[in-house]
Amino acid sequence: MAPHEGFAIATLTAPLSHSPIGALLREWRAARHLSQLDLALETGISTRHLSCVETGKARASRDTVSRLADALGMPLRERNALLHAAGFAAMHPERSLAAPALDRVRQAVDLILAHQEPYPAFVISRHWDVLATNAAAARVGQMLMEGRPGRHINLLHQIFDPEDFRPVIANWHEVAARFIRHLHDDLAANPTDRRTQQLLDEMFAYPDVPARWRERELGKEPSPIVTFTFRSKFGELRFFETFTTFAAPYDVTLDELRIDCTFPADDHTAAVCAELAAGEASSSATE
């Protein structure tokens, strides 16, 4: 489609010395490896008008900002930030998961957690905070930690902190490398996400994290599945995981929500999980 001027634009009396939307657009274009011409062609906006928006010589309409966000593949939180930088109110709400409007979603999440029994499942935020778990996660975690309480609600800190879950992960180096890759991928997808950058820095503050991991390894494909191997009183337990997300969410909370379901990677692990669940059920019945 040929570029056109199909959006409202108001010329200012003088260029703005600072353009908040311009700074965001340039940062996102750089992350997506797009020139002004590339983005203009993608959105059907003339290069001249896009340049004026970036330099603060003109204001873009709300529709134009939305089209730019679509072309840049921005998550909902960042779309709201782009709208705000352009002088508009946020488009996408951010409700608590406990809000009445999300009742059906919450029921769906609870159903997934319940059906994952007797294997662990976790509800995780965009920045890896554990928001909820099923009973299996508590049972297995307590057994692996031998009753010691965890120090963090953030999954990354649990994995990297030597005084938390890290000592029970037999293949820690492999698991840690995968999560560092996750952080690098998240930053590549969301270059304005300061919290993800902060998390990456915090992981390198822990001991024995290889400095070479600070650079994202381009061209090296990670293995399709990383198996978590845990040391336990029942011998090694091995799990792999899957992530579930909501399709085409319109709410920021749902856009950032992930359900991490773990599955046994061998028959021994499956049997131990089943025995733990049966033991808990037996204890509950005798109380």
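This report concerns the structure included in the present document.

Each value, and the rule that gives it
Residues numbered from 1 in each chain as written. Predicted model: local features only at pLDDT ≥ 70, side-chain atom pairs only at ≥ 80, totals over all residues. Heavy atoms only, no water. Phe/Tyr/Trp six-rings, centres within 6.5 Å; stacked < 30°, edge-to-face > 60°. Buried < 20%, exposed > 50% of the residue type's maximum accessible area, 1.4 Å probe, protein only. 1 Å grid on protein atoms, 1.4 Å probe; cavity = no way out; pocket = protein on both sides within 12 Å on 5 of 7 lines; lining within 4 Å. Points joined across faces, edges and corners; volume = space filled by probe spheres on them. Helix = DSSP H or I, 4+ residues; strand = E, 2+ residues; numbered from the N terminus. Nonpolar A, V, L, I, M, F, W, Y, C, P; charged D, E, K, R; others polar. Pairing = 2+ DSSP bridges. Axes fitted to C-alpha atoms, helices over the stretch in contact; angles between N-to-C directions.

## Here we look at the packing of aromatic side chains
Counted by the stated rule, this structure contains nine aromatic pairs. Relative to Phe230, the ring of Phe228 has its centre 6.2 Å away and its plane inclined at 25°; by these criteria the two rings are stacked. Overall, Phe228 belongs to the buried group, its relative accessible area being 10%. In this structure Phe230 comes out as buried when scored by relative accessible area, which is 9%.

## Section: the layout of surface pockets
By volume, the largest pocket amounts to about 630 Å³. What lines the largest pocket is a set of 27 residues, and nearest its centre among them are Phe122, Ala137, Gly141, Gln158 and Phe165. Of all elements in the fold, only strand E4 (130–133), helix H7 (135–144), helix H8 (155–160), strand E5 (228–230), strand E6 (237–244) and strand E7 (258–264) reach the threshold of two or more residues within the lining of the largest pocket. The biggest single contributor to the lining of the largest pocket is H7, with six residues. For the lining of the largest pocket, the per-class residue count stands at 17 nonpolar, six polar and four charged.

## Side note on the sheet that holds E4
Strand order in this open sheet of five strands is E4-E3-E7-E6-E5, and the pairing throughout is antiparallel. Every other strand in the sheet has two partners, leaving E4 and E5 as the edge strands with one partner each. The mean inter-strand angle of the sheet, taken between neighbouring strand axes irrespective of direction, is 30°. Where strand E3 (residues 121–124) lies against E4, three bridges are found, and the strand directions are antiparallel. Pairing of Ile124 across the sheet is with Val130, part of E4.

## Things to note about the pairing of E7
For E7, a buried count of six out of seven residues is recorded, marking the element as mostly surrounded by other parts of the structure. Pairing analysis gives four bridges linking E3 to E7, with the strands arranged antiparallel. Directly across from Ile124, in E7, lies its bridge partner Arg258. Summarising the sheet, E6 and E7 pair through six bridges and their orientation is antiparallel. Following the sheet pairing, Phe240 is matched in E7 by Phe263.

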